[in-house]
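# A structural walkthrough
The residues making up each chain are set out below.
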Amino acid sequence: VQLQASGGGLVEAGGSLRLSCKLSRRPFSEYAMGWFRQAPGKEREFVAQISRNGGVTYYADSVKGRFTIARDNAKNTVYLQMNSLKPEDSAVYYCAAKRTIVTDISVMMSANEYASWGQGTQVTVSS
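Summary of the structure given here. Residue positions within a chain follow its written sequence, with the count starting from 1. The predicted nature of this model means local features are confined to residues of pLDDT at least 70 and side-chain atom pairs, given and counted, to a pLDDT of 80 or more, with totals for whole chains, interfaces and linings taken over all residues. The side-chain figures draw on all heavy atoms in the structure; neither hydrogens nor water molecules are used.

So, about the nonpolar core. What we call a nonpolar core is a set of buried Ala, Val, Leu, Ile, Met, Phe, Trp, Tyr and Cys residues that are connected through their side-chain atoms within 4.5 Å. Residue exposure (1.4 Å probe, protein chains only): buried if accessible area is under 20% of the type maximum, exposed if over 50%, otherwise partly exposed. Counting residues in hydrophobic clusters, the biggest one holds 37 residues, and the most contacted among them are Trp35, Leu80, Met82 and Tyr93. If you list the elements that add at least two residues to this core, you get strand S1 (3-6), strand S3 (17-23), strand S4 (31-38), strand S5 (45-50), strand S7 (67-72), strand S8 (77-82), strand S9 (91-99) and strand S11 (121-126). Residues contacting Tyr93, with those up to four places away along its chain left out, are Leu19, Trp35, Phe36, Arg37, Val47, Phe67, Leu80, Met82, Gly120, Thr121 and Val123. Think of it this way: any DSSP run of H or I at least four residues long counts as a helix, any run of E at least two long counts as a strand, and we number them from the N terminus. Residue contacts follow a heavy-atom distance rule, with two residues in contact if any of their heavy atoms lie within 4.5 Å.

Written out as C-alpha cells, the structure is:
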C-alpha cells in the first residue's frame, strides 16, 4: 500500500492549508484513514481520523474546531483542511491507513494501530 501526501508549505499564523493524501490501493473505502504530525524532538501525535465511509470523524483536542478531515472515495484521497493555523501546528504531517471491516471504527490514537504510512509533508506556520 502506498500513500502519497501533499499540500504542505509555509503559511502565516491564522492562515489555512489543505493537505491531501492519495492511497494507491483499491478499494479505498476499505480503509480508515488518519493524520498524525511530528514536530522536531517530539513524538508523533494523533491529529484526526475518518471512518471508511466518512461518517465518523475524530480530532485531537488541540485541533478541534480548526481542522477538518474529509475523504473522497471516488478519488482514493483523504484531506485535512487546516484553518486558523498556529505556530505550534508546525510539524511534518503524515497520513496513515488501516484496512478494516468495521465501518465506524473507534478512534485509533496510537500510530501503532495503522499499518501503512505516507512519506510526510512539512507544514510551517510563522508567527
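It is worth spelling out the side chain of Thr77 at this point. In this structure, Thr77 sits in strand S8. Looking at Thr77, the relative accessible area reads 8%, which means it is buried. Of the polar contacts made by the side chain of Thr77, one reaches the backbone oxygen of Lys75; its length is 2.7 Å. Once you skip the residues sitting within four places of it in the chain, Thr77 turns out to touch Ser20, Cys21, Lys22, Phe28, Ala70, Arg71 and Asp72. Polar contact criterion, stated in full: a pair of N or O atoms within 3.5 Å, where within protein one must be able to donate a hydrogen and the other to accept it, and residues adjacent in sequence count only if both atoms are side-chain atoms.

By the alternation rule, side chains of S11 split into Thr121, Val123 and Val125, which are all buried, and Gln122, Thr124 and Ser126, of which none is buried. Taken together, the four bridges between strand S2 (residues 9-12) and S11 define a ladder with parallel strand orientation. Bridge pairing links Gly9 to Val123 in S11. Pairing between S9 and S11: three bridges, direction antiparallel. Paired strands are those between which DSSP finds at least two bridges.

Side-chain rings of Phe, Tyr and Trp (the six-membered ring for Trp) are treated as a pair once their centres are within 6.5 Å; stacked means planes under 30 degrees apart, edge-to-face means over 60, and tilted covers the remaining angles. According to the stated counting rule, one finds five aromatic pairs in the structure shown. For the ring pair Phe36 and Phe46, a centre distance of 5.7 Å and an interplane angle of 80 degrees mean the geometry is edge-to-face. Of the two residues, Phe36 is situated in strand S4 and Phe46 in strand S5; the sequence distance between them amounts to 10 residues. Pair check on accessibility: Phe36 and Phe46 agree, each one buried. A ring pair is formed by Phe36 and Tyr114, whose centres lie 5.4 Å apart and whose planes are at 80 degrees; its orientation type is edge-to-face. Linking Phe36 in strand S4 with Tyr114 in the loop between S9 and strand S10 (116-117), this pair joins segments that are 78 residues apart in sequence. Linked through ring pairs, Phe36, Phe46, Tyr94, Tyr114 and Trp117 together constitute an aromatic cluster.

Right, let's talk about the pattern of salt bridges for a bit. Salt bridge, as applied in this entry: a Lys or Arg side-chain nitrogen positioned within 4 Å of an Asp or Glu carboxyl oxygen. Enumeration over the complete set of coordinates arrives at five salt bridges. With its nearest N and O atoms 2.9 Å apart, the salt bridge here joins Arg37 to Asp89. Within this pair, whereas Arg37 is found in strand S4, its partner Asp89 is found in the loop between S8 and S9, the two being separated by 52 residues in sequence. Among the residues examined, Asp89 registers a relative accessible area of 1% and is labelled buried. Residue Lys64 pairs with Asp61 through a salt bridge whose shortest N-O separation is 3.1 Å.

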